[in-house]
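Structural features, examined
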Amino acid sequence: MGVEENTVGSAGTDTVEAAAEGVATLAAGTVVYPIAPGYRVNVRRGPGTQYGIVRTLPYGMSVPVYCQKPGERVTGPYGTSNLWDNIANGQFVSDAYVKTGSDGYIATRCD
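All values derive from a computational prediction rather than experimental measurement.

Under the defined criterion, the tally for this structure stands at 1 aromatic pair. When the ring of Tyr39 is compared with that of Tyr97, the centres are 5.4 Å apart and the planes differ by 70 degrees; the resulting orientation is edge-to-face. In this pair, Tyr39 is assigned in the loop between β2 (31-34) and β3 (42-44) and Tyr97 in the segment after β8 (91-94), connecting sequence segments 58 residues apart. The ring of Tyr59 is capped by Arg40, whose NZ or CZ atom sits 6.0 Å from the centre of that ring.

Encoded structure:
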């Protein structure tokens, strides 16, 4: 995690457009989304601020979104949302701080 490739190979137009908007695809085909510029975002054990902090993402980080889960409503630079993005096993960030290009689900719902 934390390593981002901005290389666009022989992918289709959608991938090229997504990369131009700050979304990138890692070598394994995992799409990553940028955290809002100027923010260091807390990564939590669950979908809310009442969950413990696992770590804090550095400025300029991009993250994968493996699934999403409803939780505490949070206001951030990309609006107000109750969606939380699962970026690793047991690690969640508020979707209000991730530039996914959507106010709704962009990944499957977490179990």
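Following the structure, the description resumes.
Considering all chains together, one arrives at 1 disulfide under this definition. Note on cysteine connectivity: Cys67 is disulfide-linked to Cys110, with sulfurs 2.0 Å apart. On the S-S bond that ties Cys67 to Cys110, the torsion sits near 100 degrees, and the link is right-handed. Placement of the pair is Cys67 in strand β6 (residues 67-76) and Cys110 in the segment after β8, with a sequence separation of 43 residues.

Here Asp95 shows up in the segment after β8. Of the buried charged residues, Asp95 lacks a salt bridge, with Arg73 as the closest side chain of opposite charge at 10 Å. Setting aside residues no more than four positions away along its own chain, Asp95 makes contact with Gln68, Ser81, Leu83, Trp84, Asp85, Thr100 and Ser102.

What follows deals with the confidence of the model for the protein chain. With 75% of its residues at a pLDDT of 70 or more, the protein chain shows a mean pLDDT of 83. Contacts of residues 1-20 to residues separated by more than four positions or lying in other chains number 21 contacts, the stretch itself having pLDDT below 50.

Once that is clear, we can look at the nonpolar core. Residues Ile35, Val41, Leu57, Val63, Ile87, Val93 and Val98 are the most contacted members of the largest nonpolar core, which totals 19 residues. Only β6, β7 (79-88) and β8 provide two or more residues apiece to this core. The contacts of Val98, once residues within four sequence positions are left out, are Tyr33, Pro34, Ile35, Val63, Tyr78, Asp85 and Val93.

Rules used in this analysis
- Residues numbered from 1 in each chain as written.
- Predicted model: local features only at pLDDT ≥ 70, side-chain atom pairs only at ≥ 80, totals over all residues.
- Heavy atoms only, no water.
- Phe/Tyr/Trp six-rings, centres within 6.5 Å; stacked < 30°, edge-to-face > 60°.
- Helix = DSSP H or I, 4+ residues; strand = E, 2+ residues; numbered from the N terminus.
- Lys NZ or Arg CZ within 6 Å of the ring centre and 35° of its normal.
- Disulfide = S-S within 2.5 Å.
- Buried < 20%, exposed > 50% of the residue type's maximum accessible area, 1.4 Å probe, protein only.
- Lys, Arg positive; Asp, Glu negative; His and termini not counted.
- Salt bridge = Lys/Arg side-chain N within 4 Å of Asp/Glu carboxyl O.
- Contact = heavy atoms within 4.5 Å.
- pLDDT = per-residue confidence, 0-100.
- Core = buried A, V, L, I, M, F, W, Y, C linked by side-chain atoms within 4.5 Å.

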